[in-house]
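Structural features, examined
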Amino acid sequence: MVIIHTSFGDMKAILYDETPLHKENFLKLAKSGRFDSTTFHRVIKNFMIQGGDIDAKEGTRNSDRIDAEIVDKFYHEKGALSAARQGDRSNPEKKSSWCQFYVVHGNTFTEAQLEQLTIDHKVLNQAVNQLIQYESHADLKNKLLELQRKGDQEGMQKLFNDCIDLAEKELNVEIRKKSLNPEQIKIYTSTGGAPHLDNDYTVFGKVVEGLEVVDKIAEQRTGGRDKPIEDVFLTMEVVEVKKKEITEKYGYKYAE
């Protein structure tokens, strides 16, 4: 178990066996003290708190990256410990930063809001704009123009959503992304999190105690690049805890 010490309290995190590269790397950096005196340098309330920038502390520029270990069953629920990374354009393999990590703060969602997250709205907008060019869909064009005239944003969104099946069939485009499973829906409507990050970033652990500390850090005032006005320093400690004890106390069951 890794204990992340801050001036707002401690967070206790477990690391997943199913992400061995990230687990080994994180433990090595934590045990060596290299995380100590780094900060949570990027904080976005209802999203995440990001820290561990050893390069900034040591004045280095390490280009090493860790191969992605994205596991379907590990979601970006509140408290998820995940690896930061560069964007897809420069990093299509989704490789992780060698040191920077984030803890999800997140938000709770309704099932309707989660359904909206499964829609590629950019593709949908393009598809509807293409459909209204056809004479056969003059009625759709007239409805859209009337809603635009009224400034009825909610009505326009409903109209676009009602066009999904039609657009996918007539234009042969994929508008709906992979739907969330029942477990994800349960998590994001109760515990909360950041569902749009699932299957895009490596989740390699979970804060099992000290979520209130995540809340406190997420509340800090920030300036440019979402950096807290007052530095939020951290240190780390690695302690040995039997897996059986973790299961009994926190309910996390390790794979056989």
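Preceding this paragraph is the structure being described.
In this text the structure is predicted, and so the values were computed from the model without any measurement.

A few points about empty space enclosed by the protein
Across all of its chains, the model carries two cavities of 30 Å³ or more by this definition. Quantified by volume, the largest cavity comes out at close to 70 Å³. Around the largest cavity, the lining comprises 13 residues; the ones closest to its centre are Asn25, Phe26, Ser97, Trp98 and Phe204. Counting residues per element, the lining of the largest cavity draws most heavily on helix H1 (residues 20-32), at four residues.

Focus: the packing of aromatic side chains
Any aromatic ring pair is given by two values, namely how distant the centres are and how the planes are angled relative to each other. Applying the stated criterion across every chain yields a total of nine aromatic pairs. Between the aromatic rings of Phe40 and Phe101, the centroid separation amounts to 6.0 Å while the plane-to-plane angle is 85°, which identifies the pairing as edge-to-face. In this pair, Phe40 is assigned in strand S3 (residues 38-44) and Phe101 in strand S8 (residues 101-104), connecting sequence segments 61 residues apart. We classify Phe40 as buried; its relative accessible area is 1%. Linked through ring pairs, Phe26, Phe35, Phe40, Phe101 and Phe204 together constitute an aromatic cluster. The ring of Tyr201 carries the charged tip of Arg85 above its face, separated from the ring centre by 4.2 Å.

Thoughts on unusual backbone geometry
Only a minority of non-glycine residues have a phi that is not negative, and only a minority of peptide bonds are not trans. Phi at Asn172 is positive, roughly 55°, even though this residue is not glycine. Of note, Asn172 is situated in the loop between helix H7 (164-171) and helix H8 (182-190). Its identity as a non-glycine residue notwithstanding, Arg225 has a phi of 55°, on the positive side. Locating Arg225 in the fold gives a position in the loop between helix H9 (211-218) and strand S10 (233-238). According to the relative accessible area criterion, Arg225 is exposed, its value standing at 80%.

Some thoughts on H1
End to end, H1 covers 18 Å across 13 residues, agreeing with the expected 18 Å (1.5 Å per residue, within 8%). Of the positions making up H1, those classed as buried are His22, Asn25, Phe26, Leu27, Leu29 and Ala30. Directly beyond the C-terminal end of H1, a positive phi value near 85° is found at Gly33.

What to know about the environment of Leu124
Here Leu124 is to be found in helix H4 (residues 121-131). Here Leu124 is in contact with Ile119, Phe160, Asn161, Ile164 and Ile175, once residues within four sequence places are set aside.

Observations concerning the nonpolar core
Met11, Phe26, Phe35, Phe40, Ile49, Phe101 and Met236 are the most contacted members of the largest nonpolar core, which totals 29 residues. Contact partners of Met236, with chain neighbours within four places excluded, come to Val2, Ile3, Ile4, Phe26, Ala30, Phe35, Asp36 and Phe101.

Each value, and the rule that gives it
- Residues numbered from 1 in each chain as written.
- Predicted model: local features only at pLDDT ≥ 70, side-chain atom pairs only at ≥ 80, totals over all residues.
- Heavy atoms only, no water.
- 1 Å grid on protein atoms, 1.4 Å probe; cavity = no way out; pocket = protein on both sides within 12 Å on 5 of 7 lines; lining within 4 Å.
- Points joined across faces, edges and corners; volume = space filled by probe spheres on them.
- Helix = DSSP H or I, 4+ residues; strand = E, 2+ residues; numbered from the N terminus.
- Phe/Tyr/Trp six-rings, centres within 6.5 Å; stacked < 30°, edge-to-face > 60°.
- Buried < 20%, exposed > 50% of the residue type's maximum accessible area, 1.4 Å probe, protein only.
- Lys NZ or Arg CZ within 6 Å of the ring centre and 35° of its normal.
- Expected span 1.5 Å × (residues − 1).
- Contact = heavy atoms within 4.5 Å.
- Core = buried A, V, L, I, M, F, W, Y, C linked by side-chain atoms within 4.5 Å.

So, to be careful, I would describe these as geometric facts and stop short of saying anything about function.
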